[in-house]
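Survey of secondary and tertiary structure
Residue strings, one per chain:
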2 protein chains.
Amino acid sequence: MYAQTTIGDFLDRLGSKASTPGGGSVAALSGALGAALVSMVCNLTVGKEKFKDVEPVAQRLLNRADELRAELTKLIDDDTKVLGDLMEAYGLPRNTDEEKQKRTALIQERSKIACGVPIRIARACNHLRNLTVEGAKVGNPMAISDIGVAVLMAEAGLHAALLNVDINIGAIKDAAFVEGVKQQVAQMVAGRSEMKESVLAEVKSKL
Amino acid sequence: MYAQTTIGDFLDRLGSKASTPGGGSVAALSGALGAALVSMVCNLTVGKEKFKDVEPVAQRLLNRADELRAELTKLIDDDTKVLGDLMEAYGLPRNTDEEKQKRTALIQERSKIACGVPIRIARACNHLRNLTVEGAKVGNPMAISDIGVAVLMAEAGLHAALLNVDINIGAIKDAAFVEGVKQQVAQMVAGRSEMKESVLAEVKSKL
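Residues numbered from 1 in each chain as written. Chains lettered and ligands numbered in written order. Predicted model: local features only at pLDDT ≥ 70, side-chain atom pairs only at ≥ 80, totals over all residues. Heavy atoms only, no water.

Description of the overall build of chain A
A tally of regular secondary structure across chain A gives seven helices and zero strands. When the elements of chain A are put in sequence order from the N terminus, they spell out α-α-α-α-α-α-α. In chain A, buried positions account for 53% of the 207 residues. When contacts within chain A are restricted to residue pairs at least 6 apart in sequence, those whose partners lie at least 24 apart make up 77%. As presented, chain A carries roughly 9,100 Å² of accessible surface, and 53% of it is formed by carbon and sulfur atoms. (Helix = DSSP H or I, 4+ residues; strand = E, 2+ residues; numbered from the N terminus. Buried < 20%, exposed > 50% of the residue type's maximum accessible area, 1.4 Å probe, protein only. Contact = heavy atoms within 4.5 Å. Areas by Shrake-Rupley, 256 points an atom, 1.4 Å probe, with all protein chains shown as cover.)

What about the state of the cysteines?
Residues and elements named next belong to chain A. Counted according to the given criterion, the structure contains zero disulfides over all chains. Of the cysteine sulfurs around Cys42, a residue in no disulfide, the closest is that of Cys125, at 17 Å. Residue Cys42 is classed as buried on the basis of its relative accessible area, which comes to 4%. With no disulfide of its own, Cys125 lies closest to Cys115 among cysteine sulfurs, the gap being 16 Å. (Disulfide = S-S within 2.5 Å.)

Things to note about the interface of chain B and chain A
Of the residues lining the interface, 48 residues belong to chain B; the matching set on chain A comes to 48 residues. Each partner contributes to the roughly 3,900 Å² buried at the junction of chain B and chain A, and carbon and sulfur atoms together form 76% of this total. Per-residue buried area on chain B facing chain A is highest for B:Ile7, B:Leu11 and B:Leu163; these three make up 17% of the total on that side. Linking chain B with chain A are two salt bridges, by the criterion used here. The partner of B:Arg69 in a salt bridge is A:Asp12, and the shortest N-O contact between them spans 3.0 Å. At the boundary of chain B with chain A, the tally comes to 16 residue pairs in polar contact (both at pLDDT 80 or more). Residue assignment for the side of chain B that touches chain A shows that the elements contributing at least two residues are α1 (7–15), α2 (23–43), α3 (55–90), α5 (145–170) and α7 (195–206) of chain B. The dominant element in the side of chain B that touches chain A, judged by the number of residues it contributes, is α5(B), at 13 residues. For the side of chain B that touches chain A, the residue count by class is 26 nonpolar, 16 polar and six charged. (Buried area = accessible area lost by both parts, 1.4 Å probe. Salt bridge = Lys/Arg side-chain N within 4 Å of Asp/Glu carboxyl O. Polar contact = N/O pair within 3.5 Å; in protein donor to acceptor, adjacent residues only side chain to side chain. Nonpolar A, V, L, I, M, F, W, Y, C, P; charged D, E, K, R; others polar.)

Remarks on the packing of helix α2 (residues 23–43) of chain A against α5(B)
Contact geometry of α2(A) with α5(B) gives a least axis separation of 9 Å together with a crossing angle of 25 degrees. The pairing of α2(A) with α5(B) is recorded here as roughly parallel in orientation. Here α2(A) and α5(B) pass one another in a crossing that is left-handed. Facing α2(A), whose interface residues are A:Gly23, A:Val26 and A:Ser30, α5(B) presents B:Asp146, B:Val149 and B:Met153. Looking at the contact of α2(A) with α5(B) residue by residue, the classes come out as three nonpolar, two polar and one charged. (Axes fitted to C-alpha atoms, helices over the stretch in contact; angles between N-to-C directions. Parallel < 35°, antiparallel > 145°, perpendicular 65-115°, else oblique. Left-handed = near helix turned anticlockwise from the far one by under 90°.)

Structure representation (structure tokens):
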């Protein structure tokens, strides 16, 4: 469980030649850091007389950001698990036709599973990005720069996760599955390219 | 020392209403994660016969990425330290004119110090971004997506750090100091906006 790993150990393992943790886990951690920053800004907003008008919104954002942080923290582990399983399949023997068939089938099966994790990371980062739009409007102006950092981490996590989706679908031969994934990804990114810039502009106007 | 803090504890403290750690520490951690990914890709490149031609470059990148990771890991702590010192200055009493003067002078002094840390974070993330340009060219293609994730984390860390520079200079009354900082920042971002896209394009062409 990476939540119980120290930051120094995580960075050391990441920097080593071991295949896990990899970029997918970093994508999830990036999102978790962004979610925690949204929680921080909301925690500095709720319960204060001068932000009473926006308290219900800030409380809702806080609850959602806390949920996303928990989900993304779990996804740091999940990505390592499915990546490890996939590497194990690649490492299987391929001396006989039977071994080759078994290996190929397992790689296909585990590539699909491995693809599901970065999709969930991307979806969570995408939700987080939506939260920062509201966070920039209602968050305590004293901490508003942290909403800016949050949208940067959400955006980095989203695109890092999508890179990991790309690698995995490259190995998958089931065309219908690949098409389904591509449609999900397209829906996630459609019309959202300016969201980060708009959150950052709102944040900068309040600095 | 955050290197000895677990990821779960760091996220919990970040999400709380405590003023530290804040977005500046997240910027440094984002850069450290990116640097570790560059190290990983280089560790999967050096010492392999088929990458012998690029080994000197990969070794140089590895050494530099390791240094940047160490520097950025230290900057996670440094940002918390200077932010804590600045918050302490803001919390000083201001009942008499003498107290007010003392408080104002200390806020000015500590704002300048607090400004220096995100500048160092931004500079380190900027160097890291340069490394990813070479990394995308020489890194082991099996792990090349991690160079893509690295440039995303470097870019997020850079812009998150610059947001923290912006907050700090907002409070500084020394116009020459502010001008000097603005020039340093301008040099860092000049003509670099397409670097991330060009690294990602090279990475995607190899997936």
